[in-house]
Amino acid sequence: MATVRSLEVYLDLLSQPCRAVHILLTCNRIPHKVQTVALRKGENRTAEFTKLNPMKKVPVMVDNSFTLTESDAILKYLASKYDIPEHWYPWQPERRARVDEYTAWHHTNTRPHAAEVFILEVVLDGALAQLDDTLDKLESMFLRRQPFLCGDDITVADLLAVCELMQVRGSASGRDVLLKHPQLQRWRSRVQAAVGDSFHQAHAILFTIRDRHRLCFSDLKIFLFLKEKSLNC
Ligand SMILES: N[C@@H](CCC(=O)N[C@@H](CS)C(=O)NCC(=O)O)C(=O)O
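Residues numbered from 1 in each chain as written. Predicted model: local features only at pLDDT ≥ 70, side-chain atom pairs only at ≥ 80, totals over all residues.

An unreviewed UniProt entry lists the chain under the name glutathione transferase, from Takifugu rubripes. Recorded under Subcellular location (unreviewed entry), the UniProt text for the chain is reproduced unchanged: "Cytoplasm". Taken from UniProt, the Sequence similarities (unreviewed entry) comment for the chain reads in full: "Belongs to the GST superfamily. Theta family." (UniProt positions renumbered as here; feature names shortened; annotations may be inferred.)

Undergrad: Explain the domain arrangement of the chain here, please?
TA: The figure often quoted for interface size is the accessible area lost as the parts come together. One can read the domain layout of the chain as domain 1 (7-86) and domain 2 (87-214). The gap between the C-alpha centroids of domain 1 and domain 2 is 38 Å. Of the residues belonging to the side of domain 1 that touches domain 2, the class tally is four nonpolar, one polar and three charged. (Domains from an automatic or database assignment. Nonpolar A, V, L, I, M, F, W, Y, C, P; charged D, E, K, R; others polar.)

Undergrad: How do you make sense of the site of the ligand when you look at a structure like this?
TA: The ligand sits among Ser 15, Gln 16, Pro 17, Leu 39, Asn 44, Lys 56, Lys 57, Val 58, Pro 59, Glu 70, Ser 71 and Asp 72. Contributing elements (two or more residues each) for the shell around the ligand: α1 (16-27) and α3 (71-81). Class assignment of the residues belonging to the shell around the ligand gives a composition of four nonpolar, four polar and four charged. (Near = placed C-beta within 6 Å. Helix = DSSP H or I, 4+ residues; strand = E, 2+ residues; numbered from the N terminus.)

Undergrad: What is the right way to look at the pairing of strand β4 (residues 66-69) in this model?
TA: Along a regular strand, successive side chains alternate from one face of the sheet to the other. Two elements, strand β3 (residues 60-63) and β4, share four bridges in a ladder whose sense is antiparallel. Considered in β4, the bridge of Val 62 is made with Thr 67. Between β3 and β4, which pair antiparallel and follow one another directly, the connecting turn spans two residues, one of which, Asn 64, has a positive phi of 55°. (Pairing = 2+ DSSP bridges.)

As structure tokens, then:
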């Protein structure tokens, strides 16, 4: 009598390595059961899951009684164990070595660097939303019926606020956080007019450093482009 295999995978499809495992399983129609582990709900930190993977990470695979963690190991195990086209993880040593070469490199390059950008973008989105909320309050509370933050005349409060809101323009993006806030833009112009050239004197160094970095970056891109061209010749 043939033995019935039971293959279970513990996944959260918001996770990149989990999606890779899921795709391999589904596109090769390997019979399996998905146990969802919602990372955002902390389901990877329960005692039950920790028993399965003391590292508290997904993906995890349980094939009969064989438990395996690490997407790389899981993908290669599935490709070797199950009857799927050989191209997924070739048997021929040189072709297999090419796959191993990439996957070894992947975990210290593509993965951390792409994931970092994702995390920073999420953090940045959150920070921008919070700042927008603060800018709304500056407009609706402090500038509601007056030209400056604390009345009809400029005060030190305006200096503190304007310098803070100019700071982001000194970043590589040069982002103007007041773009969607015309009331604050008009206030900034009033502050600039009230302090005259001191405004530019104080901010010049911020923009010089920003532009120097931008220049370095574009020089570097040109250099890399030329290098690549000369290598290809
Ligand atoms: N090297 C592991 C990494 C697994 C991993 O980092 N999983 C993340 C989701 S993408 C995780 O479970 N994070 C939960 C945590 O660290 O608390 C693999 O490729 O399987």
